[in-house]
Amino acid sequence: MDEVIQVTQWLSSITPRKKAKLFFFTTHADAPSPMVGSNDVDTHEETQLPLATTVALHNFKNIDEFLKKKVNTFSCYNVIENEITKTDYEYLRFYSACKYLDVVPPFLDLEKISAIQNKFEMTDEERDYRLLLDSADLVLKKVCDSLKPAGVSQMWTALRKDRNLIRGVKTIDIIGFFVDPNPTGIKECLFFFIVRFLQKADKINRVNTNRLERLIAQCDESSSCEEGKTIDFIIDSLCFYPTELYPFGFCLIMCVIEGRDGAMQEIEKTMEISRHLGMITHTEKNPTKETIELVKKELMKPKYQFYSSFTCWFMSHGDSNSMVLADGETIEREWFLTSFPDISTFQLKPKVFFMVSCRGANKFSLKGDEFEGQSATCDYYDIGSALIRNRMLDITDSVRDISYVQPMMDTLVAYSTILDHLSGRANTHGSIYVDRACVLMSENISRGRSLTEILEHLSQDLHEILQETMDEDRIVYKQACHYDSFFRKTLKLPYTRHPKEDVHSAPQ
């Protein structure tokens, strides 16, 4: 059959809603860079004009033309070995979006998909199409599904009132002030236009969604939300780090085995819980500084931009400032923690570090009372927030910026013990902290708790356990763990274990 006829038949089989979503997923706002064939040319016209004209004219002609162009580009594309191009990235995104929406063209060359995945050096686990979907776009798609046409129309009206933001934008004028979002698929096109416009204007990204939340907050709940949804529910869904579908993220396990009884048990437990949570896992036994440098270099490869989160378990002996590696050399803990978050592939994504080692030789002996009266509360932050609210500071958009981000932002570091203190272990089972952390994260499945909630529970659980030193003094002591968080959103662990094969019904 002629290819033009095939493409036409394929487009005619796709509903308007799915066309809007396919366009949205395909015009992903944060394509990896630098890549061969990519440049800094403004793609405003390509990503927003088809949406604007579809909303204004109530027909999908321009979106159809865009999708035809994509299909034709991929049909003529020759996969070049050893060189990742912008088209490679776009091809994978397009394929994953079609697969997710259950609209894969029957004429799409799957051998090219496999060849591109080879260039990205993807393992068998990483060839699951769900890895290629952008979790932030999936969250935004769910927000759209929760809103009625009237709700999106109200968002549009609120956006149009911000004259400083929309001044001189031609696509805004194409749509006009008053919009009828009721025809099938038009609501989706208008919502996705708003999202892409705010992204291009550097007002929102996968972490900073305040500007979008403020638009939603101006909607009238009675007329804007689908049945069973509320404005608060919709806004709350934007308060979490986007980690939709499988995999939940990439997990790196580094464990020094030499001189550490039970170390293999630590590896088994952390591997089991990471896979249970739907992470793709890599293990490094007996790491050296050279190993760490090689791992950092590996994580800079383009394929890691597809992951939604990064988790690292580092288990070794240590003292207040450093950790002991397999060859007896030491590395500064601070150097390790500041070098990984700066890796570009995981920017604007949650990065969690579990640092399991002693940080000194002190013990919280049950005979001592030097710790009495100490507590670590969040009252300071609560009071600070209340004062700001009471003073009603007017923080305008002109003094906000989301373009520049400190490297440590979106990072959480969990320590197995407090500074200058021991981190306890059992001869046969390894670190007690690792054991309890894995148990509590496993129990989270079906409860949907956030990581920080689990870490707080872990702190309580670990501090109840009586431990004993293995020297001749046999001192009974307690261990206190803690974490430092630079998170800007909440990281929620999966409700259920992610299956390797997707069994959910296709989205509408």
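Residues numbered from 1 in each chain as written. Predicted model: local features only at pLDDT ≥ 70, side-chain atom pairs only at ≥ 80, totals over all residues. Heavy atoms only, no water.

Peer 1: What is the right way to read the sheet that holds strand E13 (residues 482-485) from this model?
Peer 2: Adjacent strands of a sheet form backbone hydrogen bonds with each other and so pair up, either parallel or antiparallel. Reading across the sheet, the six strands line up as E2-E1-E3-E6-E8-E13 and stay open at both edges, with mixed pairing between neighbours. Two strands in the sheet have a free side with no partner beyond their single neighbour: strand E2 (279-285) and E13. Here the strands of the sheet are splayed against their neighbours by 15° on average, with no regard to which way each runs. Sheet analysis places strand E1 (residues 249-255) next to strand E3 (residues 310-315), joined by six bridges and oriented parallel. Directly across from Phe-250, in E3, lies its bridge partner Phe-310. (Pairing = 2+ DSSP bridges. Helix = DSSP H or I, 4+ residues; strand = E, 2+ residues; numbered from the N terminus. Axes fitted to C-alpha atoms, helices over the stretch in contact; angles between N-to-C directions.)

Peer 1: Looking at this structure, I do not really get the confidence of the model for the protein. What am I missing?
Peer 2: Should pLDDT be low for a region, the predicted coordinates there are not to be read in detail. Looking at the protein, pLDDT values average 85 and 87% of them are 70 or higher. Counting contacts from residues 368-392, a segment whose pLDDT is below 50, to residues more than four positions away or on other chains yields four contacts. In this model residues 501-506 is a low-confidence stretch, pLDDT under 50, and it forms nine contacts with partners more than four residues away in sequence or in other chains. (pLDDT = per-residue confidence, 0-100. Contact = heavy atoms within 4.5 Å.)

Peer 1: What's the story with the UniProt feature "domain: Caspase family p10" (unreviewed entry) in the protein in this structure? I'm lost.
Peer 2: Within this structure's numbering, the places UniProt gives as "domain: Caspase family p10" (unreviewed entry) are residues 410-443. Each end of residues 410-443 is marked by a C-alpha atom, and these two atoms are 25 Å apart; helix forms 35% of the span and strand 26%. (UniProt positions renumbered as here; feature names shortened; annotations may be inferred.)

Peer 1: Help me understand the pairing of E2 in this model?
Peer 2: On any regular strand, side chains alternate: one points to one face of the sheet, the next to the other face. The pairing of E1 with E2 spans seven bridges and is classified as parallel. Bridge assignment links Gly-249 to a residue of E2, and that residue is Met-279.

Peer 1: I'm lost on the side chain of Glu-126 in this one. Help?
Peer 2: Considering the arrangement of structural elements, one finds Glu-126 in the loop between helix H6 (110-119) and helix H7 (129-132). Within polar-contact distance, the side chain of Glu-126 engages the side chain of Lys-303 at 2.8 Å. With residues up to four places along the chain from it excluded, the contact list for Glu-126 reads Glu-121, Leu-131, Ile-280, Lys-303 and Tyr-307. (Polar contact = N/O pair within 3.5 Å; in protein donor to acceptor, adjacent residues only side chain to side chain.)

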